[in-house]
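Inside the fold
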Amino acid sequence: DDQIERERASQRLSGGCCALAAVYLMGKFYVANAGDSRAIIIRNGEIIPMSREFTPETERQRLQFLAFLRPELLGKEFTHLEFPRRIQPKELGKKMLYRDQNMNGWAYKKIEEDDLKFPLIYGEGKKARVMATIGVTRGLGDHDLKVFSSNIHIKPFLSCFPEVRVYDLTQYEHCPDDVLVLGTDGLWDVTNDKEVASVVMEVLTSYEPNDPCRYTMVAQELVVRSRGVLKERGWRLANDKLGSGDDISVFVIPLGGPGNYT
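Residues numbered from 1 in each chain as written. Predicted model: local features only at pLDDT ≥ 70, side-chain atom pairs only at ≥ 80, totals over all residues. Heavy atoms only, no water.

1. Brief notes about the state of the cysteines
Applying the stated rule across the entire model yields zero disulfides. No disulfide involves Cys 17; its sulfur sits 7.0 Å from the nearest other cysteine sulfur, which is in Cys 18. Residue classification places Cys 17 among the partly exposed residues on the basis of a relative accessible area of 42%. For the unlinked cysteine Cys 160, the closest cysteine sulfur is that of Cys 17, found at 11 Å. (Disulfide = S-S within 2.5 Å. Buried < 20%, exposed > 50% of the residue type's maximum accessible area, 1.4 Å probe, protein only.)

2. A word on the sheet that holds strand β2 (residues 19-25)
If you trace the three strands from one edge of the open sheet to the other, you get β2-β3-β13, paired in antiparallel fashion. For this open sheet the edge positions go to β2 and β13 (163-168), each flanked by a neighbour on one side alone. Each neighbouring strand pair of the sheet contributes to a mean axis angle of 15°, computed without reference to strand direction. Pairing geometry for β2 and strand β3 (residues 28-34), over seven bridges, is antiparallel. Bridge pairing links Leu 20 to Asn 33 in β3. (Pairing = 2+ DSSP bridges. Helix = DSSP H or I, 4+ residues; strand = E, 2+ residues; numbered from the N terminus. Axes fitted to C-alpha atoms, helices over the stretch in contact; angles between N-to-C directions.)

3. Regarding the UniProt feature "domain: PPM-type phosphatase" (unreviewed entry) in the chain
Those residues carrying the UniProt feature "domain: PPM-type phosphatase" (unreviewed entry) are residues 1-255 in this numbering. For residues 1-255, helix accounts for 19% and strand for 26%, while the C-alpha atoms at its two ends are 30 Å apart. (UniProt positions renumbered as here; feature names shortened; annotations may be inferred.)

4. Examining the layout of surface pockets
Each pocket or cavity is described by its volume, and for the largest pocket that value is around 560 Å³. Around the largest pocket, the lining comprises 25 residues; the ones closest to its centre are Cys 18, Asp 36, Ser 37, Thr 184 and Asp 185. Residue assignment for the lining of the largest pocket shows that the elements contributing at least two residues are β2, β14 (179-183) and α3 (185-188). Counted by class, the lining of the largest pocket contains eight nonpolar, seven polar and 10 charged residues. (1 Å grid on protein atoms, 1.4 Å probe; cavity = no way out; pocket = protein on both sides within 12 Å on 5 of 7 lines; lining within 4 Å. Points joined across faces, edges and corners; volume = space filled by probe spheres on them. Nonpolar A, V, L, I, M, F, W, Y, C, P; charged D, E, K, R; others polar.)

5. Some points on helix α4 (residues 193-204)
Spanning 12 residues, α4 covers 16 Å between terminal C-alpha atoms, matching the ideal 16 Å at 1.5 Å per step. Residues of α4 that are buried make contact with β4 (38-43), β5 (46-49), β14, α3 and α5 (214-227). Backbone nitrogen of Lys 194 and a side-chain oxygen of the N-cap are separated by 3.1 Å at the start of α4; the cap is Asn 192. (Expected span 1.5 Å × (residues − 1). Contact = heavy atoms within 4.5 Å. Polar contact = N/O pair within 3.5 Å; in protein donor to acceptor, adjacent residues only side chain to side chain.)

6. With respect to the sheet that holds β14
Adjacent strands of a sheet form backbone hydrogen bonds with each other and so pair up, either parallel or antiparallel. The strand order across the open sheet formed by four strands is β5-β4-β14-β17, and the pairing between neighbours is antiparallel. In this open sheet, the two edge strands, each paired with only one partner strand, are β5 and β17 (250-254). Within this sheet the neighbouring strands show an average axis-to-axis angle of 20°, counted without direction. Where β4 meets β5, four bridges bridge the pair, whose relative direction is antiparallel. Looking at the pairing, Ile 42 lines up with Ile 47 of β5. Its contacts with the sheet place α4 against β4, β5 and β14, and it is angled at close to 50° to β4. Sheet strands touched by α5: β14 and β17. Its angle to β17, the strand with the most contacts, is close to 150°.

7. Thoughts on the side chain of Arg 138
Mapping Arg 138 onto the fold places it in the loop between β11 (129-130) and β12 (140-141). The class for Arg 138 is buried, based on a relative accessible area of 15%. Of note is the side chain of Arg 138, whose polar atom sits 2.9 Å from the backbone oxygen of Phe 161. With sequence-adjacent residues up to four places away left out, Arg 138 is seen in contact with Cys 18, Ala 34, Gly 35, Phe 54, Glu 59, Arg 62, Ser 159, Phe 161, Pro 162 and Glu 163.

8. Quick notes on the packing of aromatic side chains
With the rule as written, the count across this model stands at four aromatic pairs. Ring plane angle 85° and centroid distance 6.0 Å describe the contact between Phe 78 and Phe 118, whose orientation is recorded as edge-to-face. Linking Phe 78 in strand β6 (residues 78-79) with Phe 118 in strand β9 (residues 118-119), this pair joins segments that are 40 residues apart in sequence. Judged by its relative accessible area of 6%, Phe 78 falls in the buried class. Considering the side-chain rings of Tyr 167 and Tyr 172, the 5.9 Å spacing of their centres and the 10° angle between planes classify their relative orientation as stacked. Classification of Tyr 167 as buried rests on a relative accessible area of 5%. Following the ring pairs from residue to residue traces out a cluster consisting of Phe 78, Phe 118 and Tyr 122. A cation over a ring is seen here: Arg 138 above Phe 54, with NZ or CZ 4.1 Å from the ring centre. (Phe/Tyr/Trp six-rings, centres within 6.5 Å; stacked < 30°, edge-to-face > 60°. Lys NZ or Arg CZ within 6 Å of the ring centre and 35° of its normal.)

Encoded structure:
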């Protein structure tokens, strides 16, 4: 993250990205995730999550706590409190549900003038945004990112520190069909864990266990199915739902050796 900041000045580069990394070291896989990509292990048909997405919803309390400690970061235009919907001026003095950085559940409060400010976190699911600007809360870069038509920087709310999960390969006997799948959000937006596991098993069983290209073909199939087919109404999946409009990158990494197969 510091290097990207230096290159921003020396090479006039801007922007940012999420990061998902898997490192194999002394019999263990270390999976580090900063952003909204995802990693899962499929072992004997079982799905083992190796990461979680970092979004305005999943990191709500961290973001609200930072805004509570440093209200100057909100630029007098935002409130760190969350409400079920945008508050209207006519609702001043009325009671409404809210929650702050200390709350998992909701409580009632009397609406005051400050509550009319735009919420720090707005929207739900994939549409949730920090300061109506960005939908991921961890990653690299974005040092210049600001709220539209303002001088309010988003970077203080973005963390470059990943969450790391460890998987001990020595604890299990792995077969050639056991894999680690790494994918960007373009895959997971339209394909859930079970569907990915189903494609993995379907493709792997159509190749010989010793065929080295079988894992590449799984990754290719996951990309193709998530993108869909171009029709008159845009890219469509097999169920006619919209295909992924985001970038799709997939790695499929075998956990077991080829073994002796005939």
